Amino acid sequence: MSKVGLKLTDNQRFLLRNVSIIVLGLFINQLLQTLGSIVLARLLDDPVRFGEVNLLLQIFGMVALFLNVGFNSSLVYTFSTNAEEAIHRKFRVALAGSTFFGVVVSVAMCILAPVLAASYGIAELKGALMLSSVTLFFNSIVNIGVASFSGNRDFRTQAFFMVVMTTFSTAAMIMGVLVPFHDLLWGVSLWTGIGSALTAAFICWKVARVHRPRWRGAVRLAEMKDMMKYGVPMWAGNIAKAFQQPFLVMMIGSISVVAVGQLANASRITGFIGIITWAFMIVTLPFVAESAHNPKESSRRGTLCIRYNNLILYPLTAAICIFPDEINGFLFGSGYTTPESATYIRLLALGVFFSSVGRLGGNILAGIGKTKANFWVMILAGIIVIALVPVLVKVDAVWAVWVYTASWAVSAFVMIYFFFVEGFSPDWWKAYGQPFVPTAVMTALILIGRLSEAWLPYFVVVGVISLLALTMRIESKKGLTIRSIRLHR
């Protein structure tokens, strides 16, 4: 008998170690958010009020997308390619630019607050959104601080920051219910602002201690434009990507507040698979950027990122699509389990799966200095959602969610097209095809087991064992060969 073992290269160890750190941080984040929603749902015990709080959070999240104007992405790239320049000049420029646009977005939030409150018929929403402008200002500072550690490949510190931020925001949401200020929505906004101010102070202290950047000095417009030239396509693309789900929730909220709560629960559940690609995106940009001047090595690293992302994402997506009711009922209670909620969960899970192609692909291309693909791919998906959802939501909310999923499927094919246009050539079989084999076997076994409920647990166990065994098998057979190089930090 031959002995099966795994021998990892430097690249594989670096990628898996740091993605694991980020995944752990993002998992804790998602867990805190989900627990916060569970506590909120049970404290309120009112689907209407629960939907109103989620509507406030979705609007705030949508507006927050406009922060930073790409300065954070540009700072990550600069740290990866020229750390000395980043510390001496670029950090100061990025912080100044991000803070300026943070003020602009905060003022815009205050101006739009009365309009949004009137459109939803919720008077308290006006003051709550105005209070949220404070949080936007401090978040613009926080994002630059976090980017400096991401670009420096200090992913442990970055993950810690993410957990701190989520802890404060989740606690603020619960405090808004327990210790309201004027009204439930006002209380949530006020406590969130306090949490963001504390987070900004802590991160600035950490940046000063670790990086020792030059806080004072000239901020040249030419340098700011240069950073925006790289970062704006990433920023605009991310807006188009992240704008879609809040927009979908807002449109559905115009016809049913209860459906908003169901969709929010679905996004919490599918968020657990979204963190996989998110983690790879965070690590991929500086990982690929380090070899930006070596096309072959960039291709190897990009293939490695896609492959391991899919090895994890494929089975998790399949599991959520097979057991939506069981997961939803366990987390939020049987009262939130409906046929519509199961459909929402399945469609959002598939949407996250398709979006991973464009999201991760965009960061890979950004790592070699090409950010336009990320912009056009995300814009295309956004246009489809904005054009069709307002029409179809009046017919059936489920149809609107179908459009959301379909838009990401289209974007996935467009990103593959851009791979060819930009000259990035991954190993397609090892990146996308081979990782699907273990998941296909697991899914088939579980679906067979569902034919007989009594035997289902046994088939689930066998399916999971088969998944792990086949995954180890294709890796031990050198499913992907990466030339080992030493990483410089």
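Structure shown above.
Residues numbered from 1 in each chain as written. Predicted model: local features only at pLDDT ≥ 70, side-chain atom pairs only at ≥ 80, totals over all residues. Heavy atoms only, no water.

A. Broad picture of the overall build of the chain. Check the secondary structure of the chain and you find 17 helices and zero strands. The C-alpha radius of gyration of the chain comes to 22 Å, within 12% of the 23 Å expected for a compact globule of 489 residues. Dimensions along the principal axes, computed over C-alpha positions, put the chain at roughly 70 × 65 × 40 Å. Looking at the 489 residues of the chain, the share that counts as buried comes to 55%. Contacts spanning at least 24 positions in sequence make up 82% of the contacts within the chain whose residues lie at least 6 apart. Counting every atom, the chain has about 21,000 Å² of accessible surface; 68% of that belongs to carbon and sulfur. Mean positive and mean negative side-chain charge positions of the chain (39 and 21 charges, respectively) differ by 13 Å. (Helix = DSSP H or I, 4+ residues; strand = E, 2+ residues; numbered from the N terminus. Rg over C-alpha atoms; globule rule 2.2 N^0.38 Å. Buried < 20%, exposed > 50% of the residue type's maximum accessible area, 1.4 Å probe, protein only. Contact = heavy atoms within 4.5 Å. Areas by Shrake-Rupley, 256 points an atom, 1.4 Å probe, with all protein chains shown as cover. Lys, Arg positive; Asp, Glu negative; His and termini not counted. Charge placed at Lys NZ, Arg CZ, Asp CG, Glu CD.)

B. Structural detail: helix α7 (residues 184–210). Compared with the 39 Å implied by 1.5 Å per residue over 27 residues, the 39 Å span of α7 between its first and last C-alpha is a close match. Backbone geometry just downstream of α7 places R212 in the positive-phi region, at approximately 50°. (Expected span 1.5 Å × (residues − 1).)

C. How the structure looks around helix α16 (residues 436–449). Taking 1.5 Å per residue, 14 residues should reach 20 Å; α16 reaches 20 Å between its end C-alpha atoms and fits that length. Within α16, the full set of buried residues consists of P438, T439, M442, T443, I446 and G449. One side of α16 carries all its buried residues, which in axial view fall inside an arc of 130°. Looking at the buried residues of α16, the elements they touch are α10 (295–322) and α17 (456–476). (Arc of directions from axis to C-beta.)

D. Looking closely at the nonpolar core. Core analysis: the biggest nonpolar cluster contains 104 residues, and L15, I22, I59 and L125 have the highest contact counts within it. Looking at this core element by element, the count peaks at 14 residues for helix α9 (residues 257–289). The residues contacting I22, other than those within four sequence positions of it, are F155, Q158, A159, M162, A279, I282 and V283. Of all hydrophobic cores here, the second largest spans 28 residues; its members include F91, I144, I203 and M227. (Core = buried A, V, L, I, M, F, W, Y, C linked by side-chain atoms within 4.5 Å.)

E. Broad picture of the side chain of N68. Looking at the secondary structure, you find N68 in the loop between α2 (47–64) and α3 (71–81). A polar side-chain atom of N68 sits 2.6 Å from a polar atom in the side chain of S98. Within the structure, the side chain of N68 is placed 3.4 Å from the backbone oxygen of S140, a separation counted as a polar contact. Not counting the four nearest positions on each side in its chain, N68 is found in contact with S98, S140, N143 and I144. (Polar contact = N/O pair within 3.5 Å; in protein donor to acceptor, adjacent residues only side chain to side chain.)

F. Molecular detail of the pattern of salt bridges. What the rule picks out here adds up to nine salt bridges. Notably, a salt bridge pairs E475 with R307, separated by 2.6 Å at the nearest N-O pair. Here the residue E475 occupies a position in helix α17, and R307 occupies one in helix α10, the gap between them amounting to 168 residues. In this pair, the class of E475 matches that of R307, namely buried. Where salt bridges share partners, they join E85, R89 and E223 into one cluster. (Salt bridge = Lys/Arg side-chain N within 4 Å of Asp/Glu carboxyl O.)

G. How the structure looks around the packing of helix α8 (residues 221–253) against helix α13 (residues 372–392). The geometry of α8 relative to α13 is characterised by a closest axis approach of 7 Å and an angle of 20° between their N-to-C directions. Classified by the angle between their axes, α8 and α13 sit roughly parallel to one another. Between α8 and α13 the crossing geometry is left-handed. Here P233, M234, A236, G237, N238, A240, K241, F243, Q244, F247, L248 and M251 of α8 lie close against α13, whose contacting residues are K372, N374, F375, M378, I379, A381, G382, V385, I386, V389 and P390. Taken together, the residues of the contact of α8 with α13 break down into 16 nonpolar, five polar and two charged. (Axes fitted to C-alpha atoms, helices over the stretch in contact; angles between N-to-C directions. Parallel < 35°, antiparallel > 145°, perpendicular 65-115°, else oblique. Left-handed = near helix turned anticlockwise from the far one by under 90°. Nonpolar A, V, L, I, M, F, W, Y, C, P; charged D, E, K, R; others polar.)

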